[in-house]
Amino acid sequence: MRPIIIGVAGGTGSGKTTVAETILKRVGAERIAYIPHDAYYRDLVHLPHNLRVQINFDHPDSLETDLLVEHLERWRQGEAIQVPIYDFTTHTRTPQTRRVEPGRVALVEGILVFAEPKLRELFDVKLYVDTDADICFIRRLRRDLAERGRSTESVIEQYLNTVRPMHLEFVEPSKRYADVIIPEGGHNQVAMDMVVARIERLLAWLTDKSQGSEPSKKRTMRYTFLDTTHRRVNDGKLASSLSYTGSSIAQTSELVGYSTSQNTGLDDDRFDAVGND
């Protein structure tokens, strides 16, 4: 049975890493192979440091995506892969790598994972984390100061010169390829409950398949999750039109789910609607 690859995209500071970490924590890191796209930044050891910092790290060319595609294809074929370990303070790859064993589900996360066609085509399920730009900038500022040895001035300059322009050119347009859009990332508890539940079901589906049993067939649908700043339903229930095989999908004060009648590209119930067990 072919393993499943889930892609998680979104702007810098949107909360996509929190989404990935929440999934790994709740589903079990031992059950999912985690592969961050930013581990594949090109090694700039051949450049002096003053030239390294001038590289546009928010452009697709700054990443060795072909190597990631090769690794994912080998992983899907049942091979273990060696994921690079990148040092963001020196803009170089370390001599060490991280071994990722073959498994049933892989989670690939990064700002540009939907912007690269060869990489995007490998994803069976695509999640996009959508967060307001001011929140994203504040999160990035805090991260770069605390974890990457940057100054406030350098973070602001990079944001204005490369981060924001590249987001508008590459990241934001890639949102249209998503199967699921999650506002506020891992902080959206209701959305995470639904995503985690579906991944658990996906793993159960793969287990059934590997054991030769035949899971029931259900239609797969595309869902967008909107917080209540976009829409409110006063009675706490979705409209009757938002139903799935006859069962209404519950709505809370944090989230609304609705179908756009698009297929995820899966031919079964690997990532179907919540409340349909």
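Thresholds, definitions, all that
Residues numbered from 1 in each chain as written. Predicted model: local features only at pLDDT ≥ 70, side-chain atom pairs only at ≥ 80, totals over all residues. Heavy atoms only, no water. Helix = DSSP H or I, 4+ residues; strand = E, 2+ residues; numbered from the N terminus. Buried < 20%, exposed > 50% of the residue type's maximum accessible area, 1.4 Å probe, protein only. Contact = heavy atoms within 4.5 Å. Areas by Shrake-Rupley, 256 points an atom, 1.4 Å probe, with all protein chains shown as cover. pLDDT = per-residue confidence, 0-100. Polar contact = N/O pair within 3.5 Å; in protein donor to acceptor, adjacent residues only side chain to side chain. Pairing = 2+ DSSP bridges. Core = buried A, V, L, I, M, F, W, Y, C linked by side-chain atoms within 4.5 Å. Axes fitted to C-alpha atoms, helices over the stretch in contact; angles between N-to-C directions. Parallel < 35°, antiparallel > 145°, perpendicular 65-115°, else oblique. Left-handed = near helix turned anticlockwise from the far one by under 90°. Nonpolar A, V, L, I, M, F, W, Y, C, P; charged D, E, K, R; others polar. Expected span 1.5 Å × (residues − 1). Arc of directions from axis to C-beta.

Next up on the list: the overall build of the protein chain. A count of helical and extended segments in the protein chain gives seven helices and 11 strands. The burial tally for the protein chain puts 51% of its 277 residues in the buried class. Of all intrachain contacts in the protein chain linking residues separated by at least 6 positions in sequence, the fraction that spans at least 24 positions is 78%. Accessible area for the protein chain stands at about 13300 Å²; split by element, carbon and sulfur atoms hold 50% of it.

All right, on to the confidence of the model for the protein chain then. Across the protein chain, the average pLDDT comes to 80, with 76% of residues at 70 or higher. Within the protein chain, helix H3 (residues 65-76) carries the highest mean pLDDT (98), whereas strand S9 (residues 243-244) carries the lowest (28). The low-confidence segment residues 217-277, where pLDDT is below 50, has 131 contacts with residues more than four positions distant or belonging to other chains.

This brings us to the side chain of Thr65. Note on placement: Thr65 falls in helix H3. Owing to a relative accessible area of 7%, Thr65 belongs among the buried residues under this scheme. At 3.0 Å, the side chain of Thr65 and the side chain of His37 are in polar contact.

Once that is clear, we can look at the pairing of strand S6 (residues 125-130). In terms of burial, S6 is largely enclosed, as five of its six residues are buried. Here S6 runs beside strand S7 (residues 180-183); their pairing, made up of four bridges, is parallel. By the bridge assignment, Val129 is partnered in S7 with Ile182.

Of all hydrophobic cores here, the largest spans 35 residues; its most connected members are Ile35, Leu72 and Val108. Residue assignment for this core shows that the elements contributing at least two residues are strand S1 (4-10), strand S2 (33-36), H3, strand S3 (81-87), strand S5 (105-109) and helix H6 (152-171). Tallying contributions element by element places H3 first for this core, with five residues. The residues touching Leu72, leaving out its near neighbours within four places in the chain, are Ile5, Ile35, Val108, Leu119 and Leu122. In terms of nonpolar packing, the next biggest core, distinct from the first, is built from 26 residues, Leu107, Val125, Leu127 and Ala191 among them.

Turning our attention to the pairing of S2. The two faces of S2 match: Ala33 and Ile35 on one face and Tyr34 and Pro36 on the other face are all buried. Bridge count for S2 against S5 is four bridges, and the pairing is parallel. Residue Ala33 lies in a different strand from S5, and its bridge partner there is Ala106.

Turning our eyes to something else, we now look at the packing of helix H1 (residues 16-27) against helix H7 (residues 189-210). It is the contact of H1 with H7, at a shortest axis distance of 10 Å, that shows an interaxial angle of 55°. Relative to H7, H1 is oriented oblique. As for the relative orientation of H1 and H7, their crossing is right-handed in sense. Only Gln189, Met192, Asp193, Val195, Val196, Ile199, Glu200 and Leu203 of H7 make contact with H1, whose side of the interface consists of Val19, Thr22, Ile23, Arg26 and Val27. In terms of residue class, the contact of H1 with H7 is made up of eight nonpolar, two polar and three charged.

Moving on: H1. The end-to-end C-alpha distance of H1, which contains 12 residues, comes to 16 Å, matching closely the 16 Å that a straight helix rising 1.5 Å per residue would cover. Regarding H1, the residues found buried are Lys16, Val19, Ala20, Thr22, Ile23, Leu24 and Val27. Considering only its buried residues, H1 is in contact with S1, S2, S5, S6 and H7. Gly28, located one to two residues past H1, shows a positive phi value of around 115°.

A few words now on the environment of Glu101. Among the secondary structure elements, Glu101 is positioned in the loop between strand S4 (92-100) and S5. Glu101 sits in the partly exposed class, given a relative accessible area of 43%. As a C-alpha pair, Glu101 and Trp75 span 26 residues in sequence and 7.7 Å in three-dimensional space. With residues up to four places along the chain from it excluded, the contact list for Glu101 reads Ala33, Trp75 and Ala80. In this structure the side chain of Glu101 is engaged in a polar contact, spanning 2.5 Å, whose partner is the side chain of Arg99.

Let's shift gears to helix H5 (residues 133-147). Counting along an α-helix, one turn takes 3.6 residues, and residues three or four places apart therefore face a common direction. Look at H5: 21 Å from first C-alpha to last across 15 residues, which is about the 21 Å you get at 1.5 Å a residue. Turning to H5, its buried residues number three or more, namely Cys136, Arg140, Leu141 and Asp144. Down the axis of H5, the buried side of the element spans an arc of 135°, and every buried residue falls inside it. The outward face of H5, more than 90 degrees from its buried face, is lined by the exposed residues Arg142 and Ala146. As for H5, its buried residues are in contact with H6.

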